[in-house]
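Coordinates in review
Spelled out, the chains give:
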Amino acid sequence: MISEEKKAELLRHAEEVFGRVQEYQRLGLICEDGDFVPSVHYPPITQYEPCDIDAYFKTYTQPADGLMDIYVHIPFCIQHCTFCHYPGMTGPRIQEKTQYVEYLLREMDIYLRYFGLQKIRPRSILLGGGTPTSLPPKLLDHFLTEFDRRVDMSACRQYNVDLGPNSINGEDGTEKCRIMKEHGITRLTIGLQSLDDHVLRLMNRPHSAQEGIESVYKALEYGFDVNIEFIYGHPGETIDNWIEVMEKAIQLPMAEIQLYRLKVQAYGDFQGVINRFHRGSAPTDIPDFKTTMMMKQIAIDMLRENGFNERLRRVYTRNPAVYSHYAYNQCCNQYDQVGFGLTGFSSYRDRFDINTQYFNEYYEAIDAGRLPINRGLVRDREEQARWAIVLPLKNRDVRKNEFKARSGYDFDEVFRTKVARLEEYGLLEDTGKVIRLTEMGGFVADEVCEQFNSIPYIPFPRERYAEGPLNPYENNSLDA
Ligand code: SF4
């Protein structure tokens, strides 16, 4: 157990970092109440207009090497977690799951026909949701077998599944691990979310801390690479119990730990249960901004001291060879990625689309032989330049030669005032060939990257930021 002296040191450092965060709030970088929107796509995923599919794909060509990353969304879970803003179904739902899997495979067939392909050639695959392993073993096996028929795995370097602990515990879970192994799955992301039973109950998670730990050992025993996820800033979490959770997490033998900050107001289409806490219609004990930021810094310090270094933003690994290829390919290399299923999104070299979020619309589109895309955007030249900064800057760095190839602009000719300000205030550094976040810039990465969003896509209205030199609405044009 961590000593009182060590704890005092962690708290001191976290307080000091929070003091700097407040300074950036006064400069206009961070919105007044500390709320945030994670910069995970650019432009933000739900801010697109409905699109005509043929017009949207008219100027699209498949990548020259024929390689893609694939995302598949399975929108079923055991029960709904309080913090989750995704639409989906809970409970056994055998009939619905069986129907959904058939439509998912038919969607892939429509895609193959649309682009005249025999098979899709993935660089990596991510099955997410939802909880893909909430499919019963036989149905999971059927889906993976049929999925295999539609992909050519010769260039696939990683096959990842997101799941919850109880879906691989017990006898059924053993069967699912065996099936996943048989189908070439290599990496599991396990949503532990906490290792404190009281917090897990408040999150409405269907597992205990001990069951979470068992699932990690089980996955490792089957030879999967394992990434575990935690949420900080959730009701019931305190600095003390968060330190205990991190201590337990660090002792587990997997390579990667991923941290998410609780998002109370959804930025997508649906508001999760947690939003009721925020609106005051239920008792609230959501940790305040300062406590939440301190939790983040404490976790970073503890992880670093135990050999975990940040590989992609908010993912810490003790083995740099183990990381999400899907995330790296999409956010850093900006390769084409195609998504299937309800809310499945696709990110291509110059455009981005998302499938419908409603089951009935999804089924109707597929019955009509159409791709179930309901919103999409082809980026113009300026948005393309912004996209080529936001995601690589957040997750790795912006390589000026790559930026030029993706956008057509010289990096040194764009956003000169903004880049100079961010450098002056210690958030960015320019090595000549590469632009990257400083350590402090990485701590507030979403806000720094959103400096490059165009005005309609800045997460909050101007009045929610202080009128300082880092207000995102300042010097926002490409040539400023
Ligand atoms: S957080 Fe994960 S397990 Fe919980 S409801 Fe959302 S998708 Fe399902």
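Residues numbered from 1 in each chain as written. Predicted model: local features only at pLDDT ≥ 70, side-chain atom pairs only at ≥ 80, totals over all residues. Heavy atoms only, no water.

Things to note about the overall build of the protein chain
Spelled out, the test is: Secondary structure is summarised from DSSP: a helix means a run of H or I of at least four residues, a strand means a run of E of at least two, and numbering begins at the N terminus for each. Two things to know: the radius of gyration comes from C-alpha atoms, and the globule rule equals 2.2 Å times the number of residues to the power 0.38. Exposure classes here rest on a 1.4 Å probe applied to the protein chains alone. A residue is buried below 20% of its type maximum, exposed above 50%, and partly exposed in between. Surface accessibility follows the Shrake-Rupley procedure with a 1.4 Å probe radius. Residue values consider only the protein chains on display as shielding. The charge count includes Lys and Arg as positive and Asp and Glu as negative, but it does not include His or the ends of the chains. Where a charge lies is defined by one atom per residue type, namely NZ (Lys), CZ (Arg), CG (Asp) and CD (Glu).
The secondary structure content of the protein chain amounts to 17 helices and 17 strands. At 22 Å, the protein chain has a C-alpha radius of gyration in line with the 23 Å of a compact globule built from 480 residues. Considering the protein chain as a whole, with its 480 residues, one finds that 60% of them fall into the buried category. Looking at the protein chain as shown, the accessible area adds up to about 19,300 Å², and 49% of this sits on carbon and sulfur atoms. If you average the places of the 56 positive and of the 71 negative side-chain charges in the protein chain, the two averages end up 3 Å apart.

Some details on the sheet that holds strand E15 (residues 398-399)
The line we're drawing: Strands are labelled as partners when DSSP assigns at least two bridges between them.
With respect to topology, three strands assemble into an open sheet ordered E15-E17-E16, the strand pairing being antiparallel. Only two strands of the sheet have a single partner each, and these edge strands are E15 and strand E16 (428-430). Pairing of E16 with strand E17 (residues 434-437) involves three bridges; the strand directions are antiparallel. Within E17, the position partnered with Leu428 by the bridge is Leu437.

A look at the environment of Ile257
To keep things clear, this is the line we draw: Contacts are assigned to residue pairs with any non-hydrogen atoms lying within 4.5 Å of each other.
One can find Ile257 in strand E8 (residues 256-261). Judged by relative accessible area, which is 0%, Ile257 ranks as buried. Residues Ile257 and Ile190 lie 67 residues apart in sequence; the distance between their C-alpha atoms is 9.7 Å. Every residue in contact with Ile257, bar those within four places of it in the chain, is listed here: Asn227, Ile228, Phe230, Ala249, Ile250, Leu303, Phe308, Arg314, Val315 and Tyr316.

Points about the side chain of Arg205
Here is the rule: A pairing counts as a salt bridge when a side-chain nitrogen of Lys or Arg comes within 4 Å of a carboxyl oxygen of Asp or Glu. N or O atoms closer than or at 3.5 Å make up a polar contact, with two conditions inside protein: a donor-capable atom paired with an acceptor-capable one, and, for residues adjacent in sequence, both atoms drawn from side chains.
One can find Arg205 in the loop between helix H6 (197-202) and helix H7 (209-221). No salt bridge forms around the buried Arg205; measuring N to O, its nearest opposite-charge neighbour Glu229 is 7.0 Å away. Here Gly191 takes part through its backbone oxygen, which lies 2.5 Å from a polar atom of the side chain of Arg205. Apart from the residues within four sequence positions on either side, Arg205 is in contact with Gln79, Cys81, Phe83, Gly164, Pro165, Gly191, Leu192, Gln193 and Leu200.

Observations regarding the packing of aromatic side chains
Two measures describe an aromatic ring pair: the distance that separates the ring centres and the angle between the ring planes. Put simply, the test is: Two aromatic rings from Phe, Tyr or Trp, using only the six-membered ring of Trp, form a pair when their centres are within 6.5 Å; if the ring planes differ by under 30 degrees the pair is stacked, by over 60 it is edge-to-face, and anything between is tilted.
All chains considered together, the criterion is met by 30 aromatic pairs. Aromatic side chains Tyr60 and Tyr348 sit 4.6 Å apart centroid to centroid with 40° between the ring planes, which places their arrangement in the tilted category. Here the residue Tyr60 occupies a position in the loop between helix H2 (53-57) and strand E1 (67-74), and Tyr348 occupies one in the loop between strand E12 (345-347) and strand E13 (351-355), the gap between them amounting to 288 residues. For Tyr60, a relative accessible area of 8% corresponds to the buried category. Where Tyr71 meets Phe345, the ring centres are 5.5 Å apart and the plane angle is 25°; that geometry is what we call stacked.

Section: the domain arrangement of the protein chain
To be explicit about the condition: Throughout the structure description, domain borders are defined by an automatic or database domain assignment. Accessible area, probed at 1.4 Å, shrinks when two parts are joined; the buried area is that loss added up over both. Basically, the charged four are Asp, Glu, Lys and Arg, the nonpolar ten are Ala, Val, Leu, Ile, Met, Phe, Trp, Tyr, Cys and Pro, and anything else, Gly included, counts as polar.
Structurally, the protein chain comprises domain 1 (1-43 + 379-480) and domain 2 (53-331). Summarising the inter-unit geometry, the C-alpha centres of domain 1 and domain 2 are found 26 Å apart. Contact with domain 1, which involves 34 residues of that partner, is made by 28 residues of domain 2. By the criterion of area lost to domain 2, the three top residues of domain 1 are Phe18, Asn395 and Phe443, representing 23% of everything that side buries. The interface formed by domain 1 and domain 2 includes five salt bridges. Here Glu305 and Lys6 are joined by a salt bridge, their closest N and O atoms 2.9 Å apart. The tally of links from domain 1 across to domain 2 stands at 13 residue pairs in polar contact (both at pLDDT 80 or more). Put simply, the parts of the chain that give the side of domain 1 that touches domain 2 at least two residues each are helix H1 (4-26), helix H13 (381-395) and helix H16 (439-443). Along the lines of polarity and charge, the residues of the side of domain 1 that touches domain 2 split into 19 nonpolar, six polar and nine charged.

Quick word on the nonpolar core
Heads up, the rule is: Throughout, nonpolar core names a set of buried Ala, Val, Leu, Ile, Met, Phe, Trp, Tyr and Cys residues whose side chains join them through atoms within 4.5 Å.
In terms of nonpolar packing, the biggest core is built from 148 residues, with Phe143, Leu188, Ile190, Ile228, Phe230 and Leu259 touching the most fellow members. For this core, the domains that each give at least three residues are domain 1 (1-43 + 379-480) and domain 2 (53-331). Residues contacting Ile228, with those up to four places away along its chain left out, are Ile190, Leu192, Val216, Ala249, Leu252, Met254, Glu256, Ile257 and Gln258. Grouped together as the second largest cluster of nonpolar side chains are six residues, Cys31, Ile458, Tyr465 and Tyr473 included.

Points about H7
One turn of an α-helix holds 3.6 residues; hence residues three or four places apart share an orientation. Selection criterion: Multiplying one less than the number of residues by 1.5 Å gives the expected span of a helix.
Between the first and last C-alpha of H7 there are 19 Å, a value that for 13 residues agrees with the 18 Å anticipated at 1.5 Å per step. Within the span of H7, buried status applies to Ala209, Gly212, Ile213, Ser215, Val216, Lys218 and Ala219. Against the buried residues of H7 lie helix H5 (170-182), strand E6 (187-193), H6 and strand E7 (225-232). Two residues or fewer after H7 comes Gly223, characterised by a positive phi angle close to 85°.

As for unusual backbone geometry
Backbone torsion omega between Tyr42 and Pro43 reads -10°, so that peptide bond is classified as cis. When you line up the elements, Pro43 lands in the loop between H1 and H2. With an omega dihedral of 15°, the bond running from Gly129 to Gly130 counts as a cis peptide bond. By the element assignment, Gly130 lies in the loop between strand E4 (121-129) and helix H4 (137-149). Notably, Phe415 is not glycine yet its phi reads approximately 50°, a positive angle. Unlike most non-glycine residues, Asn475 shows phi in positive territory, near 50°.

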